[in-house]
Amino acid sequence: MRVLIKPDYNSCAKWIAEYIVYTIQQFRPTLNKPFVLGLPTGSSPLGIYQELINQNRAGKISFQNIVTFNMDEYVGLPPEHPQSYSRFMWENFFNFIDIKKENVHMLDGMTTDYVSECKRYEEAIKNVGGVNLFLCGIGTDGHIAFNEPASSFASRTRIKLLKPETITANSRFFGGDTTQVPEKALTVGIGTIMEAKEIILIASGKNKQEAIRQTIECGINHLCPASILQMHERATVVCDDCAADKLRPDTIKYFKNIEQSKMVRK
């Protein structure tokens, strides 16, 4: 696992956006060989999306041959609902880049057949050749997507009952009213995420300190789902100084020294 510790959130977002652009450029996607991105919602990726929008407007990157799969969607919210993840993505990212609408994949939170919808999503990922890079946020309890603690590391796209803590955390998007937050969501599984060729996780702020400590310093444990990233061949955690504050000083020094050495060698 690679760990980058940046001074603040903006530094994290800028580095990740520039890395995504670089990775896409190196891949050289075409109509018949698209680059596949897995994407999250929430506050963590907003700065990344804005940087990618800026890069697209500057002509440094095109999304014409990019295919996206979003991580999750609330059950019972139509796409036009103000808090649906579909609407979030269009209002904060897709509407401002040159991506083709048919290349955007979202889970259908209004489906009445959850099993078929989740199977369809898995097959769609498989049919396009798998995810090249999955961008992840992390919950305060270490969850990734809506894979709450105790989720199976082998899990696939499925319906999940959300923990009260997750509902409370997400209520900030519903005017602070927990009764308005859906209790269930469709989500890609941990196994689905781990099949991506590369994974980048972003974390910022004091409320992510314990999750980052467990993800990086503790053993792999299903009670901290993000800890499974330790087993991925190409997983990178990008966090700010605040989120890294509970890491041991030696751990922080170790990872910062590695990155400094890479800069010196360049």
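Below is a summary of the structure that appears in this document.

### Points about the sheet that holds strand β4 (residues 72-74)
The three strands lie next to each other as β4-β8-β7, forming an open sheet whose pairing is antiparallel. In this open sheet, the two strands that pair with only one neighbour each are β4 and β7 (158-161). On average, adjacent strands in this sheet sit at an angle of 30 degrees to one another, irrespective of strand direction. With three bridges connecting them, β4 and strand β8 (residues 184-187) associate as antiparallel partners. Residue Glu73 lies in a different strand from β8, and its bridge partner there is Leu186.

### Some details on the layout of surface pockets
The space that makes up the largest pocket amounts to roughly 670 Å³. Along the wall of the largest pocket there are 35 residues; nearest its centre are Thr41, Gly42, Ser43, Asn170 and Arg172. Going through the elements one at a time, β4, α3 (85-92) and α5 (164-170) are the ones with two or more residues in the lining of the largest pocket. It is α5 that contributes the most residues to the lining of the largest pocket, four residues altogether. A breakdown of the residues in the lining of the largest pocket according to their chemical character gives 16 nonpolar, 14 polar and five charged.

### Section: unusual backbone geometry
At Arg28, a residue that is not glycine, the phi angle is positive and equals roughly 55 degrees. With respect to the helices and strands, the residue Arg28 is situated in the loop between α1 (9-27) and β2 (35-39). Given a relative accessible area of 65%, Arg28 falls into the exposed group. Its identity is not glycine, yet Ala150 carries a phi of approximately 85 degrees, on the positive side. Following the sequence through the fold, Ala150 ends up in the loop between β6 (133-136) and β7.

Procedures and definitions
Residues numbered from 1 in each chain as written. Predicted model: local features only at pLDDT ≥ 70, side-chain atom pairs only at ≥ 80, totals over all residues. Heavy atoms only, no water. Pairing = 2+ DSSP bridges. Helix = DSSP H or I, 4+ residues; strand = E, 2+ residues; numbered from the N terminus. Axes fitted to C-alpha atoms, helices over the stretch in contact; angles between N-to-C directions. 1 Å grid on protein atoms, 1.4 Å probe; cavity = no way out; pocket = protein on both sides within 12 Å on 5 of 7 lines; lining within 4 Å. Points joined across faces, edges and corners; volume = space filled by probe spheres on them. Nonpolar A, V, L, I, M, F, W, Y, C, P; charged D, E, K, R; others polar. Buried < 20%, exposed > 50% of the residue type's maximum accessible area, 1.4 Å probe, protein only.

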